[in-house]
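Each chain is listed here by its residues.
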Amino acid sequence: MSKNELYSDKIILAPMVRIGTLPTRLLALDYGADLVYTEEIIDWKLLRSKRRENEVLGTIDYIDLTDGTVVFRTCSRETSQVILQIGTSDPDRALKVAQLVESDVAGIDINMGCPKEFSIKGGMGAALLYQPEKAENILKKVISGVKCPVTCKIRVLEDLDETLKLCKRLESCGIAAIAVHGRTKYERQQHSNRIEFLQMISESLSIPVIANGGSKEIDTFEDIIHFKEKTKCSSVMVARAAEWNVSVFSRFGKKPLDDVIKAYLKYAVDYDNSPSNTKYCVQNMLRELQDTEKGKKFLETQTLQQICELWDMQDYFETTHEKQQNEGLIGRRDVCP
Ligand code: FNR
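Throughout this description, residue numbers start from 1 for each chain and increase along the sequence as written. Note on the predicted model: pLDDT of at least 70 is required for a residue's local features to be given, and 80 or more for side-chain atom pairs to be given and counted; whole-chain, interface and lining totals, by contrast, use all residues.

Moving on, we get to the sheet that holds strand β4 (residues 59-64). Picture the strands of a sheet paired through backbone hydrogen bonds; they go either parallel or antiparallel. Any two strands are treated as partners once DSSP identifies two or more bridges connecting them. Only DSSP runs of H or I covering at least 4 residues are called helices, and only runs of E covering at least 2 are called strands; the numbering of each starts at the N terminus. Reading across from one edge, β3-β4-β5 is the order of the three strands in this open sheet, with antiparallel pairing throughout. Two strands in the sheet have a free side with no partner beyond their single neighbour: β3 (49-54) and β5 (70-74). Pairwise comparison of adjacent strand axes, ignoring direction, gives a mean angle of 20 degrees for this sheet. Only C-alpha atoms enter the line fits that serve as axes; for helices the fit covers just the stretch in contact. Angles between N-to-C directions range over 0 to 180 degrees.

This is how it looks when you write it as structure tokens:
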């Protein structure tokens, strides 16, 4: 398969901080996503981590050497479909990270769209949209040093011609595809997504363009296809609609939320996902249901076991947990805040 083909005509789980950890990614693949992006991981966090094969879980872990936390956990099931997104402002650091993880992922993506203060101040994310030379240097350096495909995810600029110019500059660096969120750095989710920009970018470039920003209008798989057709892009990347119910990727219809939460918790237990991350993800699925009686009980939980009990999965938790402990799984379980 060519590097471009990997991203062509695909339905993709978008990068989402805290949401895009291993259980969400595997579930997205189960329901039918073709590719799954990790949450953005800042370059220096990966650079101060050590790669470790976790034989008990069957995973590859990148462990932070300063505090022992898992920076990135992956497994062979997703290797050919997982794209690691890096937050970076520096070509040398970006290349080092890409070389470190290359054998464990299908591709590397550079975040050029994050509008948060932390990213902008650090010269990362959307800051790169306004420093195209630096953006080019990062892409060229990474592409020159790894075999896997390299992409970037951007937001549009205020002006269409400027946006097209930027996209062409980035394309000429040798990226395999480009993901475009149709809002500017200054716009938030309530602003409308610039469909016409996405259409024009797709028409102007020869690499696959991945349309993003359509979750407001996405409730089912058919809506994803409709968004793809409307934007005339090769592929679609979905964030919030998948955060709320990841079975949106299913061609056979969206599943009831309780079924999705149970399937999610199974992966959380199987892969010893941290209780705080698990709780955060379930909370973002429950949304207004947090006001129900079960939702209120859920908000009181502090451990993975307590969360599992609420969905009648205590037996599954206990059996799996005991097996993992017997096989020598080490590592501290945090409690939810
Ligand atoms: C995001 N987004 C995001 N983008 C990115 O490039 N890297 C990231 O780590 C994150 N993190 C993140 C977390 C959460 C909780 C949300 C909701 C969003 C932006 C996301 O990928 C996407 O561009 C926007 O949400 C627009 O797409 P949707 O939501 O309309 O499909």
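Here we come to helix α11 (residues 275-286). A helix is expected to span 1.5 Å multiplied by its residue count minus one. Helix length check: α11, at 12 residues, gives a terminal C-alpha distance of 16 Å against a target of 16 Å (1.5 Å per residue), a fit within 8%. Burial in this document is a count-based property: other C-beta atoms within 10 Å of a residue's C-beta are tallied, and the residue is buried at 20 or more, exposed at 12 or fewer, or partly exposed in between, with C-beta positions derived from the backbone. Of the residues making up α11, those classed as buried are Pro-275, Asn-277, Thr-278, Lys-279, Cys-281 and Val-282. Whether two residues are in contact is decided by their C-beta atoms, placed from the backbone, lying within 7 Å. Its buried side turned inward, α11 meets α1 (22-31), α10 (257-270), α12 (293-300) and α13 (304-310).

The alternating pattern of strand β9 (residues 178-181) places Ile-178 and Val-180 on one face and Ala-179 and His-181 on the opposite face, and all of these are buried. Examined bridge by bridge, strand β8 (residues 150-155) and β9 share four bridges and lie parallel to one another. Looking across to β9, one finds that Arg-155 is bridged to His-181. Taken together, β8, helix α6 (residues 160-171) and β9 form a β-α-β motif whose crossover is right-handed. Alignment of β9 against strand β10 (residues 209-212), held across four bridges, turns out to be parallel. The partner of Ala-179 across the bridge, within β10, is Ile-210. Note on handedness: a clockwise path from strand one over the helix to strand two, with the strands aimed away from the viewer, defines a right-handed crossover. Crossover handedness for the path β9 to helix α7 (residues 195-204) to β10: right-handed.

What follows concerns the site of the ligand. Taken together, the neighbourhood of the ligand is formed by 22 residues, with Met-16, Glu-40, Ser-215, Ala-239 and Arg-240 sitting nearest. Of all the secondary structure elements, the ones that give two or more residues to the shell around the ligand are β2 (35-42) and α9 (240-244). The greatest single-element share of the shell around the ligand, amounting to three residues, is contributed by α9. Under this grouping Gly is polar, as are all residues other than the nonpolar Ala, Val, Leu, Ile, Met, Phe, Trp, Tyr, Cys and Pro and the charged Asp, Glu, Lys and Arg. Classifying every residue of the shell around the ligand by side-chain character gives nine nonpolar, eight polar and five charged. For each residue, a C-beta atom is placed from the backbone, and the residue counts as near a molecule or strand when that atom lies within 6 Å of it.

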